[in-house]
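Understanding the architecture of this molecule
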Amino acid sequence: MTVSGPGSVDGRVGIARLRGHGEGEMVWLENVVLVKPAPVLDDVMGHIESFLARSKPERYQVGMESEKAAFESLREMGFTGSEKWVAMEAGLFFPQWELPERVEVEFIIAVDIHWRLGSPGLARYWEKTGGAASYVPGD
(Lines give C-alpha, C1' and ligand atoms only; values in the text may rest on other atoms or scores of the structure.)
Protein backbone atom coordinates (compact mmCIF):
# COMPACT_ATOMS: atom_id res chain seq x y z
CA MET A 1 0.00 0.00 0.00
CA THR A 2 1.26 3.48 -0.81
CA VAL A 3 -0.09 7.00 -0.48
CA SER A 4 1.18 9.14 -3.35
CA GLY A 5 1.46 12.84 -4.02
CA PRO A 6 3.82 15.45 -5.47
CA GLY A 7 6.98 15.91 -3.43
CA SER A 8 10.58 14.84 -3.27
CA VAL A 9 12.38 11.82 -1.92
CA ASP A 10 16.15 11.91 -1.49
CA GLY A 11 16.25 15.27 -3.27
CA ARG A 12 14.47 14.02 -6.40
CA VAL A 13 11.29 15.86 -7.33
CA GLY A 14 8.35 13.80 -8.57
CA ILE A 15 5.73 11.55 -7.06
CA ALA A 16 6.49 10.73 -3.43
CA ARG A 17 5.08 7.62 -1.78
CA LEU A 18 4.42 6.92 1.86
CA ARG A 19 4.62 3.19 2.35
CA GLY A 20 2.58 1.09 4.73
CA HIS A 21 0.77 -2.19 5.06
CA GLY A 22 -2.59 -3.42 6.27
CA GLU A 23 -3.29 -5.99 8.97
CA GLY A 24 -6.99 -6.77 9.29
CA GLU A 25 -8.73 -3.45 9.85
CA MET A 26 -5.48 -1.67 10.81
CA VAL A 27 -3.12 0.33 8.59
CA TRP A 28 0.55 0.63 9.59
CA LEU A 29 2.50 3.50 8.02
CA GLU A 30 6.26 3.15 7.58
CA ASN A 31 8.99 5.79 7.98
CA VAL A 32 6.99 8.19 10.12
CA VAL A 33 7.59 9.90 13.47
CA LEU A 34 5.08 10.62 16.20
CA VAL A 35 5.16 14.24 17.45
CA LYS A 36 3.21 16.03 20.19
CA PRO A 37 2.17 19.73 20.16
CA ALA A 38 4.87 21.96 21.66
CA PRO A 39 6.36 25.42 21.10
CA VAL A 40 8.41 25.64 17.89
CA LEU A 41 12.15 25.52 18.61
CA ASP A 42 13.88 28.86 17.97
CA ASP A 43 16.30 27.47 15.37
CA VAL A 44 13.41 25.81 13.51
CA MET A 45 11.42 29.05 13.45
CA GLY A 46 14.58 30.79 12.23
CA HIS A 47 14.80 28.29 9.35
CA ILE A 48 11.12 28.90 8.46
CA GLU A 49 11.59 32.68 8.54
CA SER A 50 14.76 32.45 6.45
CA PHE A 51 12.98 30.31 3.83
CA LEU A 52 10.07 32.75 3.69
CA ALA A 53 12.37 35.77 3.38
CA ARG A 54 14.29 34.12 0.51
CA SER A 55 11.27 32.78 -1.36
CA LYS A 56 9.00 35.84 -1.09
CA PRO A 57 11.11 38.85 -0.05
CA GLU A 58 8.54 41.33 -1.44
CA ARG A 59 5.84 39.95 0.85
CA TYR A 60 7.67 38.63 3.91
CA GLN A 61 9.45 41.07 6.16
CA VAL A 62 11.12 40.42 9.50
CA GLY A 63 8.52 40.95 12.19
CA MET A 64 5.65 39.77 9.99
CA GLU A 65 3.66 36.97 11.54
CA SER A 66 5.64 33.93 10.34
CA GLU A 67 2.73 31.52 10.70
CA LYS A 68 0.54 33.64 8.40
CA ALA A 69 3.35 33.95 5.85
CA ALA A 70 3.93 30.17 5.98
CA PHE A 71 0.22 29.56 5.36
CA GLU A 72 0.21 31.97 2.41
CA SER A 73 3.24 30.16 0.92
CA LEU A 74 1.49 26.81 1.29
CA ARG A 75 -1.64 28.28 -0.31
CA GLU A 76 0.43 29.44 -3.31
CA MET A 77 1.75 25.87 -3.65
CA GLY A 78 -1.80 24.51 -3.86
CA PHE A 79 -2.64 23.76 -0.22
CA THR A 80 -6.40 24.02 0.29
CA GLY A 81 -6.54 23.38 4.04
CA SER A 82 -7.09 25.38 7.19
CA GLU A 83 -5.02 28.34 8.29
CA LYS A 84 -5.50 27.24 11.93
CA TRP A 85 -2.00 25.90 12.53
CA VAL A 86 -0.73 23.87 15.49
CA ALA A 87 2.84 24.30 16.78
CA MET A 88 5.25 21.43 17.37
CA GLU A 89 9.00 21.56 18.10
CA ALA A 90 9.87 20.74 14.48
CA GLY A 91 7.58 23.36 12.91
CA LEU A 92 3.98 24.19 12.17
CA PHE A 93 1.24 21.74 11.20
CA PHE A 94 -1.53 23.04 8.95
CA PRO A 95 -4.44 20.55 8.94
CA GLN A 96 -6.63 20.09 5.90
CA TRP A 97 -9.60 21.17 8.03
CA GLU A 98 -9.69 22.85 11.42
CA LEU A 99 -9.18 20.55 14.40
CA PRO A 100 -11.82 20.59 17.15
CA GLU A 101 -10.93 22.59 20.24
CA ARG A 102 -9.87 20.94 23.49
CA VAL A 103 -8.91 17.57 22.07
CA GLU A 104 -5.86 15.44 22.72
CA VAL A 105 -3.79 15.52 19.51
CA GLU A 106 -0.55 14.11 18.14
CA PHE A 107 1.00 14.17 14.69
CA ILE A 108 2.23 11.38 12.43
CA ILE A 109 4.83 12.96 10.13
CA ALA A 110 6.51 11.35 7.10
CA VAL A 111 10.30 11.38 7.40
CA ASP A 112 11.16 10.31 3.83
CA ILE A 113 8.95 12.82 1.98
CA HIS A 114 9.81 16.51 1.91
CA TRP A 115 7.84 19.39 0.41
CA ARG A 116 9.40 22.81 -0.12
CA LEU A 117 8.16 23.85 3.30
CA GLY A 118 7.98 20.67 5.39
CA SER A 119 6.57 17.17 5.17
CA PRO A 120 3.08 15.72 4.92
CA GLY A 121 1.44 14.19 7.94
CA LEU A 122 -1.70 13.28 9.81
CA ALA A 123 -3.16 14.79 12.95
CA ARG A 124 -4.63 12.09 15.15
CA TYR A 125 -6.99 13.30 17.83
CA TRP A 126 -9.36 11.99 20.46
CA GLU A 127 -12.42 13.90 21.63
CA LYS A 128 -12.66 11.67 24.73
CA THR A 129 -9.86 9.87 26.55
CA GLY A 130 -10.07 6.23 25.52
CA GLY A 131 -12.46 7.08 22.65
CA ALA A 132 -11.97 6.35 18.96
CA ALA A 133 -9.27 8.35 17.16
CA SER A 134 -10.01 10.64 14.20
CA TYR A 135 -7.45 11.60 11.55
CA VAL A 136 -6.92 14.78 9.54
CA PRO A 137 -4.26 15.06 6.80
CA GLY A 138 -2.08 18.15 6.63
CA ASP A 139 1.30 19.71 5.85
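So, here's what we can say about the structure.

**Thoughts on the overall build of the protein chain**
Across its full length, the protein chain holds two helices and nine strands. Counted from the first residue to the last, the protein chain has its helices and strands arranged as β-β-β-β-α-α-β-β-β-β-β. Looking at the protein chain alone, contacts between residues at least 24 apart form 44% of all its contacts between residues at least 6 apart. Entry remark: accessible area of the protein chain is about 8800 Å², with carbon and sulfur atoms responsible for 53%.

**Observations concerning the packing of helix H1 (residues 42-55) against helix H2 (residues 66-76)**
Here H1 crosses H2 at 55°, and the two axes come no closer than 10 Å. One way to sum up the angle between H1 and H2 is to call them oblique. The two elements H1 and H2 meet at a crossing, and its hand is left-handed. On H2, the residues touching Met45, Glu49 and Leu52 of H1 are Ser66, Glu67, Ala69, Ala70 and Ser73.

**Considerations on the pattern of salt bridges**
According to the stated counting rule, one finds four salt bridges in the structure shown. For Lys36, the salt bridge identified is with Glu106, shortest N-O distance 3.0 Å. Pair noted here: Lys36 is in the loop between strand E4 (32-35) and H1 and Glu106 is in strand E7 (residues 104-110), with a separation of 70 residues, a long-range link. For Glu101, the salt bridge is made with Arg102, and the minimal N-O distance between the two is 3.5 Å. Through salt bridges with shared partners, a single network forms among Lys36, Glu106 and Arg124.

**Looking at the pairing of strand E8 (residues 121-126)**
In terms of burial, E8 is a largely internal element, five of the six residues being buried. Here six bridges tie E7 to E8, and the two strands are oriented antiparallel to one another. By the bridge assignment, Phe107 is partnered in E8 with Ala123. Pairing between E8 and strand E9 (residues 133-138): six bridges, direction antiparallel.

**Considerations on the nonpolar core**
With 14 residues, the main nonpolar core has Val40, Leu52, Leu92 and Phe94 as its most contacted residues. When residues in this core are grouped by element, the largest group, five residues, is from H1. Membership of the second largest hydrophobic core comes to twelve residues, among which are Val105, Ile109, Tyr125 and Val136.

**Considering H1**
Taking 1.5 Å of rise per residue, 14 residues should cover 20 Å, and H1 covers 20 Å from first to last C-alpha, within 8% of that figure. All of the buried residues along H1 are Val44, Met45, Ile48, Phe51 and Leu52. The arc that holds the buried residues of H1, viewed along the axis, is 120°, so those residues lie on one side. Residues of H1 that are exposed and point more than 90 degrees away from the buried face comprise Asp42, Asp43, His47 and Arg54. Buried residues in H1 make contact with H2 and strand E6 (91-93).

Conventions used here
Residues numbered from 1 in each chain as written. Predicted model: local features only at pLDDT ≥ 70, side-chain atom pairs only at ≥ 80, totals over all residues. Heavy atoms only, no water. Helix = DSSP H or I, 4+ residues; strand = E, 2+ residues; numbered from the N terminus. Contact = heavy atoms within 4.5 Å. Areas by Shrake-Rupley, 256 points an atom, 1.4 Å probe, with all protein chains shown as cover. Axes fitted to C-alpha atoms, helices over the stretch in contact; angles between N-to-C directions. Parallel < 35°, antiparallel > 145°, perpendicular 65-115°, else oblique. Left-handed = near helix turned anticlockwise from the far one by under 90°. Salt bridge = Lys/Arg side-chain N within 4 Å of Asp/Glu carboxyl O. Buried < 20%, exposed > 50% of the residue type's maximum accessible area, 1.4 Å probe, protein only. Pairing = 2+ DSSP bridges. Core = buried A, V, L, I, M, F, W, Y, C linked by side-chain atoms within 4.5 Å. Expected span 1.5 Å × (residues − 1). Arc of directions from axis to C-beta.

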